[in-house]
Each structure stands twice: as C-alpha cells, then as structure tokens.
Amino acid sequence: MTELREPMALHDIAALKRASTKIVMVTAYDQPSARLASEAGIDLILVGDSAGNNVLGYESTVPVTMDEAAMLTSAVARAKPRALVIGDMPFGSFQASDADAVANAVRLVKAGADAVKLEGAGPMTSRVRAIVGAGIPVMGHLGLTPQSATMLGGMKAQGRTAATAGRLLADARELEDAGCFSLVLESVPARIGAHVTEALSIPTIGIGAGGGCDGQVLVWHDLLGINEGVAPRFVKRYADVAGEIRRGLEAFAAEVRSGAYPADEHVYKISGDELRAFEAELANGERPAD
Ligand code: KIV
C-alpha cells in the first residue's frame, strides 16, 4: 500500500488559497474509496449527503438520516486518509436549533470527521457560529443547496440575476465572518463564482461554479462514471467504472456457466495419499473422522 503523507490540516487548506494552488475535493462514502482518494493525493474528502441518491437509493439527499451520515463518515475515517474528512450535515440535523446543530456536528466528529459542512446562510449562520464555537471547523455551502431545492425553484443554477448574485456574495461574507474555514459554491455562474472567490479570504470550492474558484469538487459516482444517466452540465467523467464493473460481472457469469471458473489455480489441493485414504473410508461405508 502507498505510504500516506502527514494528514492535511486546516492551515494547509488556507495555505493552498494563499499560494493560488487549486484545492481538490471529492465525495466518498466508504473505506476503500477514501483510501484510493487519499492515495491519489486528494486534499479534502466530503462524506456528502449525496450518498442519499448515489449509494442509498433515495431520490434526493433529503431522506438521509444522522445515523446514515455517521455510519458513512466512520467508514471513510477508518481509511485514515491524508485528506481532511468533512462530514456533511443531513437535512433536519441542524435546521431546528443551534443546540441540535452542535449535538449532531459532535456526532459526526465522534464518527471520525475532521470538520462538518452545512447548507445555507441567513438563520443557518447562527448554527455555523455555534458549531465553530464548540471547536468544530465548518465548511459552508451556498448557491444551489439541494436540501432546500424546493424553495429555490428546483435543482437549477442560482445567482443569475444582479440581485441574487448580490445576495449570494452577502451570504458568503456572512459565513466567512461566522467562522467558516471554506465554502462550497454550487451551480452559480462562473463570473459570480470568481467574484465571490476574490471577495473572500477563505477558499471556495466550486461545483458548477467555474474555474475561478479556489478548488473543485465532484461527486465520486459522477466523476468516475459509476452514474451513467444524464448529468448536470458541470460533470466531467474521468473513468468508465460502470462499464468496467459490467464487463467484469458479465465475464464472471460467463465463466461460471461455462465451467471455466474456477480453474486449477483457484482450488485447494489434498495429497494423493490423504485423498485415497478418505475415498477408501467412504467406500467402506465408514464416516470419515473430523
Ligand atoms: O453532498 C454532496 O455531495 C455535496 C457536494 C455537491 C458539494 O454537498
């Protein structure tokens, strides 16, 4: 296994922005994926609530529970990745009160997260202050926030008018003041992503927010081609993992059916003497000893 370097720290992420070095984040939801991400030199792993539609079979992120988020976070953390592990706070885990937000953020940290992410500003800014006040680093998330997609008019790009772009920038500044160490910008015009990035001293991580952001994030199943359906405009597929899996499974099924698998190299052996003794016992009607 590849030797992992020193784990990333918050100040390393801040330093990447100062050095104008792009920050790379991916989602991951299990131990082997987190190990591979770490070995590939990824800086941040988000245990996203996108697990809802990517691994748990829900239609959106909304049904994801704290139990599920904590279980996935602990699986990722067990990889002991070099990347910073961000636990995503699911819908319902922070909206009701600051106390709820702190209790659930603590749960994700106990499960192995180094930091948490939550969607929104406005009333949610007080949740950020409370969680940061409890000593837990928070990543913000603005633009298209899937947990409140209904309020936003659906899963569509945000900040496309002067007024909504102005609101986005104000929210971003508010989250920075509240103590966020970084901010995800999802589905906003590239020029607005760049403006927000220039206005903040904390790093922005874009997903459909253009190349002017300090870093980029994509969902594991999108970037590796595990999801094959229609994807949002910003998705780029870097591999065809679904195709590889399908080829592997079809080859396995064909070889089992033809008898080509298992071959000689896949089976355990018994010496000729032991086999003859066993078969003699069988022939004599004796029950072979354990
Ligand atoms: O849950 C998730 O995967 C996310 C990313 C889209 C940033 O929040």
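For the structure, see preceding data.
Residues numbered from 1 in each chain as written. Predicted model: local features only at pLDDT ≥ 70, side-chain atom pairs only at ≥ 80, totals over all residues. Heavy atoms only, no water.

**Considerations on the pairing of strand 5 (residues 138-143)**
(1) Moving on: Most of strand 5 is tucked away, with six of its six residues classed as buried.
(2) Moving on: Every second residue of strand 5 is oriented toward a common face, with V138, G140 and L142 on one face and M139, H141 and G143 on the other, all of them buried.
(3) Moving on: Between the parallel elements strand 4 (residues 115-117) and strand 5, the chain passes through helix 6 (residues 124-133) in a crossover that is right-handed.
(4) Moving on: Here strand 5 runs beside strand 6 (residues 182-186); their pairing, made up of five bridges, is parallel. Opposite G140, over in strand 6, you have L183 as the bridge partner. (Buried < 20%, exposed > 50% of the residue type's maximum accessible area, 1.4 Å probe, protein only. Helix = DSSP H or I, 4+ residues; strand = E, 2+ residues; numbered from the N terminus. Right-handed = clockwise from strand over helix to strand, strands pointing away. Pairing = 2+ DSSP bridges.)

**Regarding the layout of surface pockets**
(1) Moving on: By volume, the largest pocket amounts to about 820 Å³.
(2) Moving on: What lines the largest pocket is a set of 44 residues, and nearest its centre among them are E186, S187, I207, P232 and F234.
(3) Moving on: Counting only elements with at least two residues in the lining of the largest pocket, the list comes to strand 1 (23-27), helix 3 (51-54) and strand 6.
(4) Moving on: Here the second largest pocket is characterised by a volume of approximately 450 Å³.
(5) Moving on: Around the second largest pocket sit 22 residues that line it, and G143, T145, S148, L152 and D171 are the ones nearest its centre.
(6) Moving on: Those elements that provide at least two residues to the lining of the second largest pocket are strand 5 and helix 7 (162-178). (1 Å grid on protein atoms, 1.4 Å probe; cavity = no way out; pocket = protein on both sides within 12 Å on 5 of 7 lines; lining within 4 Å. Points joined across faces, edges and corners; volume = space filled by probe spheres on them.)

**Some details on the environment of L224**
(1) Moving on: In this fold, L224 is placed in the loop between helix 9 (220-223) and helix 10 (241-258).
(2) Moving on: Residue L224 is classed as buried on the basis of its relative accessible area, which comes to 19%.
(3) Moving on: Sequence spacing of L224 and A239 is 15 residues, and the spatial spacing of their C-alpha atoms is 4.6 Å.
(4) Moving on: Discounting chain neighbours no more than four positions away, the residues touching L224 are A239, D240 and V241. (Contact = heavy atoms within 4.5 Å.)

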